[in-house]
Every structure is written in structure tokens, then in C-alpha cells.
Amino acid sequence: MWQMVSEVRTTLGHQTLPSDVARSTTRTGNRRPHGALARMKRREAAKDLTARILCAAGVPTLARRQMRGRLAILNFHGVETKPLSPPCHYVIDTATLRRELEFVRGHFQVLPLEEALERLRAGTLPDHAAALTFDDGTRNLATHAAPALRDLGLPAAFFLATGPMGTGEALWPDRLWLAFARAKVSEIDLTAIGHGTRSLRSAADRGAACGAAVGHLKELSDGQRMAQVESIVATLGAEFDAYGGPFQMLCWDEARALASEGSVTLHPHTVTHPILSRCPDQKVEYEISESCSTLDRETGHAPAIFAYPNGRRADFDERAKAALRRNGIRWALSTTRGLAHRDSDPLALPRIVIMGNFSHARFKLHVSGTVPSRPLNPWR
Ligand SMILES: [Zn+2]
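Residues numbered from 1 in each chain as written. Predicted model: local features only at pLDDT ≥ 70, side-chain atom pairs only at ≥ 80, totals over all residues.

Caption draft 1: Spatial organisation of the overall build of the chain. Secondary structure summary: the chain contains 14 helices and twelve strands in total. For the chain, with 380 residues in total, the buried portion stands at 49%. Looking at the chain alone, contacts between residues at least 24 apart form 72% of all its contacts between residues at least 6 apart. (Helix = DSSP H or I, 4+ residues; strand = E, 2+ residues; numbered from the N terminus. Buried ≥ 20, exposed ≤ 12 C-beta atoms within 10 Å, placed from the backbone. Contact = placed C-beta atoms within 7 Å.)

Pasting the structure below:
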């Protein structure tokens, strides 16, 4: 059984994201991306079939028996009524979220995040311990995630990028998604960032082009990244504010109302959601200290837990950890995949990122710790 698991874990461990499509395209062609999309769909179908076979063989149940003393920290982002078009796999639809939360409630002991981290440190975690986190702070967490959590009696930690809260502005990856989704042009020249001319004729084309752009921009210095965002948005010529859309942010009254119910806690996730390792020293300090002090001021509680934007191991460094310590942060969450254990670095704790395009079988394998630890690039 476990030999079979190890063979298929490698396959399941790779998440096919729009940026994967981008990497397999030519610099100038609009033909190969369609082939890449077809290959991506075939890979996704193969992963789903493999996952269903493993679930039928009882692998998630066996894996959860190995979880003693470990903590599964699940990570969601925004929640919408239906999957977005163009595709945006870090946003999950409400029916899928409810199905996944019901599975978690039935198979794990879900704890409030800070209690879970205290008990992880003390070695007093219950068996099958889990905690729920939602990153970024879009308004749909109040309208779509919170009702599901409330109905199921589950606690959750919301990590807020404080800068655009209560405004019509969106975080930079979401701003790009809005611009690609609403552009009136049928193609875009992304030669400046190494991706040639990309078709925008179909929703899939737009999602793939956006994923390619976001994936590339995250590897640039912070200044270059901001300049390229402005350039791409100007080229697309279709920027609107985020009001009423999937990326409108919570305002503080809404966030405080959620926290007042008792099962939702609020935590910092920087001000503008940059890749911290790409930022100059002053900006690293500002993004962390300003978001921490804003949480303190707006909620009356000094924050103790932080989540890194994007969160891959390469996205934060010792400068960020030092700034977190100076601001009283005791735990920081990454998106490196895995289960947290007592010896995990408290300022680089792994999580299990849940994508909106997971089949239920793949979700069960991921949440049970069956998929090997490796960096995941969730766009965010
Ligand atoms: Zn984020």
C-alpha cells in the first residue's frame, strides 16, 4: 500500500496552476498555449483519478493515524458563490467550501488557531488536530465564508492585508485579475516580462495570461514588480475599482463584527501584500510594523500570529523574522506544504493550501497530510 502511495504522491504533489501553462508557452505564439491547456486538463484528470483510487483504498484514513502530535493548518483565500471566470483557483466556491469544512469537522478536532499553536508548543495537541485560516481579507469572507463557519460551529483565523481595507482598491494580484478579466483587447504583449504576445480571446486565455504575469512579477524586485503592474494595467486599459466584485476588501467595522461573534480571530498579513524577500529593508519593516500596529489599534489586541504573503520559503527571510520578533509576533505561517510539529520553526510554520479547483478526493488527501512537503505557489 505505502509503496503505491509513494509512487503517486509525486504526481499529486505538483499543483497545476496558470503559471505552469505560462512556462510551457512560446514567447510569441498563441497556438501552443491551447495545447498547454489541453495538457493541463489531462494532468488534472489523471491526478483526480489517482486521488479517487487512493481514497477508495483508505489512504487518507491511514495517513490521519500518523498525525499524532501534528497540526494541520488549512489555508483558504476568498469565497464566492460560483467559480470565477476567468479561472482564479485561489478563490473557492461556497458549495465546495461547505463540503470541505464538513469533512474537516467530521474527521479532525478543529481548534482556534492560537490555542492550537500553544498546545503544539506544549505537546498537548489532541489527535487529528486542525486549524482553519483564510488569507487576505476580501469582503466575501464575511458574506460567504463566515456563514459556513457559523453553521458548522468552526473557529477560523482571518489574515488581513490592511492597506486597501475599506477602500475600492484591490491587492495587486487581484487588481491584475480584474484588469485581465475586464480588458476589451483580444491580446496583450507581455514581451517585457518574457511571455510574448498572449491571447485574451477566451476566459481560459485570460486566466492563463494573468497567471503567467503574476507568476513572473513575484520573482522581480519590489520596485520592478510595482512598475510592471502599472504598465500591464495601463496596457489592458480596463481598470475599475473593486467595489461589488470578488476582491473588494472588508472594512474594519465588518471585520470587527466578525470577531465579535467569538469564533473568528483577526491577524496581520502585511499592508500591501508584497513579496517580503524582494523588498528593501525599510519596506520589510514598514509592511510588518504598520500591519501589526493597525491590528492592535483597530481590534484592541496586540497580534501574536502573522501570515507571509505568498508564503513560499523563498518569499520571506531573516529580515522579516527579525521584524516580526520586534513587533511581538510569536508565530508566522508560510505556505510551505506540510503538517506543523513541535520542532517546526515557529516563524515558518507549514500550512496546507486549499485550491478552489481541487476535487474532493484530492482535498481529502491533502488535508490528511498525504501529499509530500514541497513549496506551493498559490499566486498569493
Ligand atoms: Zn495573501
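Caption draft 2: Layout of helix α5 (residues 94-107). Helix length check: α5 (14 residues) gives 20 Å between terminal C-alpha atoms against 20 Å at 1.5 Å per residue, within 8%. Those residues of α5 lying buried are L97, E100, L101 and V104. Along the axis of α5, the buried residues cluster in a sector spanning 100°; they form a single face. Opposite the packed face of α5, turned more than 90 degrees from it, sit the exposed residues A95 and G106. (Expected span 1.5 Å × (residues − 1). Arc of directions from axis to C-beta.)

Caption draft 3: Inspection of the pairing of strand β1 (residues 71-76) at higher detail. Most of β1 is tucked away, with six of its six residues classed as buried. Residues of β1 alternate between two faces, with L71, I73 and N75 on one and A72, L74 and F76 on the opposite face, all of them buried. Where β1 and strand β5 (residues 129-136) come together, six bridges link them in parallel fashion. In the sheet register, A72 faces β5, and the bridge partner there is A130. As defined by bridge partners, β1 adjoins strand β12 (residues 349-353) across two bridges and the pair is classed as parallel. Of the residues in β12, the one forming a bridge with L74 is I352. (Pairing = 2+ DSSP bridges.)

Caption draft 4: View of the packing of helix α12 (residues 281-299) against helix α13 (residues 318-326). Contact pair α12 / α13: the axes reach a minimum separation of 9 Å and the direction vectors enclose 40°. One way to sum up the angle between α12 and α13 is to call them oblique. Of the two possible hands of crossing, α12 and α13 adopt the one that is right-handed. Contact with α12, carried on its side by D281, V284, E285, I288 and S289, involves R319, A320, A323 and L324 of α13 and no other residues of that element. Along the lines of polarity and charge, the residues of the contact of α12 with α13 split into five nonpolar, one polar and three charged. (Axes fitted to C-alpha atoms, helices over the stretch in contact; angles between N-to-C directions. Parallel < 35°, antiparallel > 145°, perpendicular 65-115°, else oblique. Left-handed = near helix turned anticlockwise from the far one by under 90°. Nonpolar A, V, L, I, M, F, W, Y, C, P; charged D, E, K, R; others polar.)

Caption draft 5: Spatial organisation of the packing of helix α8 (residues 172-182) against helix α10 (residues 222-236). One way to put it is that α8 packs onto α10 with a least axis distance of 9 Å and a crossing angle of 15°. In terms of their interaxial angle, α8 and α10 are classed as roughly parallel. Both α8 and α10 take part in a crossing whose hand is left-handed. Across the interface between the two elements, W172, R175, L176, A179 and F180 from α8 touch V229, I232, V233 and L236 from α10. Class assignment of the residues belonging to the contact of α8 with α10 gives a composition of eight nonpolar, no polar and one charged.

Caption draft 6: Focus on the nonpolar core. By size, the foremost hydrophobic cluster in this structure holds 99 residues, and its most contacted members are L71, L74, A131 and F180. Each of domain 1 (71-168 + 247-359) and domain 2 (172-236) contributes no fewer than three residues to this core. F180 has contacts with P86, L200, R206, A209, C210 and L236, leaving out every residue within four places of it along the chain. Within the second largest apolar cluster, eight residues are counted, among which are A51, V59, A361 and L365. (Core = buried A, V, L, I, M, F, W, Y, C linked by C-beta atoms within 7 Å. Domains from an automatic or database assignment.)

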